[in-house]
Amino acid sequence: MNENSGIPVLDVDPYSAENLTDPYPMHALMRSAGPVVRLKDYPTVVACARHQETHAVFNDAQTFISGAGVGLANFNIEKPFRPRSLILEADAPLHTATRAVLSRIMSPKTVMQIRASFAQEAERLLDKALELNAANGSIDWMAVVANPFPLKVFADSIGIQEEGRENLLLYGDMVFNSMGPQNEVFTKSVERVVPVTQWIMDQCDRSKLRPGGFGDLIWQAAEAGEISMEQAPMLVRSLLSAGLDTTINSLGNAIYALGHHPQEYARLHSDPSLARPAFEEALRWESTVQTFFRTANRDCEIAGVPIAAQTKVLCMLASANRDPDKWPDADTYDIGRRPSGHMAFGSGLHGCVGQAIARLEGELILTALAKRVKGIEFAGPHTRRLNNTLRAFDTLPVRLIPA
Ligand code: OVM
């Protein structure tokens, strides 16, 4: 205990290889220590690992701002690692304007319009997965399904060229790593992304974007004066940053959840209309975005604990999603649960603006899987891609048992 503040100080590093590999014992320790904890090695930080405080912080955007960065770095003190995102790392009124544009482009109406073509690609990919599985006895779910699907359907929706799309994976990996400390996980991902950074920024130019795609619609909003012309490429960059690595690893995490719970998979197989809640529960049980920060912009309190202005607040979203005070049998993956209030898409004003498209992608892949496959077995050890923010895989070998 720290006598000055009365806040428990824990000697745990959320960014150690051990905790990135298996964060759950750390989550339990943090939740049980108190509503707010300090971390010995991160003196600028307080952390919330319970659902109640995490939710409260995310729903008070006036006190807990995003404009000073949603990673460990405080942009009021340190220079942002890249020009700051105009939506993720912004507050009102800037955020209000950029959010309105992206939320219209990815509205429920858009989701209805893209559904048929996304479904066709999901069916085609699962046909291919079963063929490869028949030929080889197993497949790498990441290589055959999880990586290719968003790289096809979401990148097509944005309207970027096919050549070089794999660069987006290196970029996303780096962006999410940059929200943690400058550890080896981060510096290695920066080394990999350097050669493709110019390619990424080039794709944000109007001339590169298919007319009528999400990217072009952002430029149209600039032409209409909703945002400035200088802001348009930066908002396209947000789609490229946030739209691939997240959904890709959510598709990985969903198969990981179902593979570990054969009875839940059997339920899904017998009723493929459970695809949507099965995906949602996977987001709760194994949250792809594990953490985001806010910054206290004034002296304030969390759960009655005084928090000084400029403190970085580490919100452990994945831990909130396993908080036993919020969720009965929190560690149990149950596709009959309707996990509303989970924090995997964040919450409040900044809640994931693409979440309807992410859910569509998850639903369609799990539906196509459930129709063709009666069981999933792991076909060897998976390999994780350690990331300071994401729960991610390099490979996830599975054997699909055809129905
Ligand atoms: C952005 C951005 C980057 C990463 C994640 C994200 C989850 C947004 O550049 O706006 O939202």
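### Remarks on unusual backbone geometry
Part 1 of the argument: In the segment running from Ala 92 into Pro 93, the intervening peptide bond is cis, with an omega of 5 degrees.
Part 2 of the argument: Mapped onto the elements, Pro 93 comes out in the loop between strand E4 (64-65) and helix H4 (94-105).
Part 3 of the argument: A positive phi angle, near 50 degrees, is found at Ala 303, a position not held by glycine.
Part 4 of the argument: By secondary structure assignment, the location of Ala 303 is in the loop between strand E7 (300-302) and strand E8 (305-307).
Part 5 of the argument: Its identity is not glycine, yet Gln 310 carries a phi of approximately 80 degrees, on the positive side.
Part 6 of the argument: Tracing the backbone through its elements, the reader meets Gln 310 in the loop between E8 and strand E9 (312-316).
Part 7 of the argument: Residue class for Gln 310 comes out partly exposed when judged on its relative accessible area of 33%.

### So, the sheet that holds strand E13 (residues 397-402)
Part 1 of the argument: The antiparallel open sheet is built from three strands, whose spatial order is E5-E13-E10. The open sheet is flanked by strand E5 (139-140) and strand E10 (373-378), the only strands paired with a single partner.
Part 2 of the argument: Both E10 and E13 contribute to a ladder of five bridges, which runs antiparallel. Looking at E13, one finds that Val 373 is bridged to Pro 402.
Part 3 of the argument: Strand contacts of helix H13 (residues 245-260): E10 and E13, with the helix running at about 95 degrees to E10, the strand carrying the most contacts.
Part 4 of the argument: The strands touched by helix H17 (residues 355-372) within the sheet are E10 and E13, with E10 carrying the most contacts at an inclination of about 105 degrees.

Cut-offs applied
- Residues numbered from 1 in each chain as written.
- Predicted model: local features only at pLDDT ≥ 70, side-chain atom pairs only at ≥ 80, totals over all residues.
- Heavy atoms only, no water.
- Helix = DSSP H or I, 4+ residues; strand = E, 2+ residues; numbered from the N terminus.
- Buried < 20%, exposed > 50% of the residue type's maximum accessible area, 1.4 Å probe, protein only.
- Pairing = 2+ DSSP bridges.
- Contact = heavy atoms within 4.5 Å.
- Axes fitted to C-alpha atoms, helices over the stretch in contact; angles between N-to-C directions.

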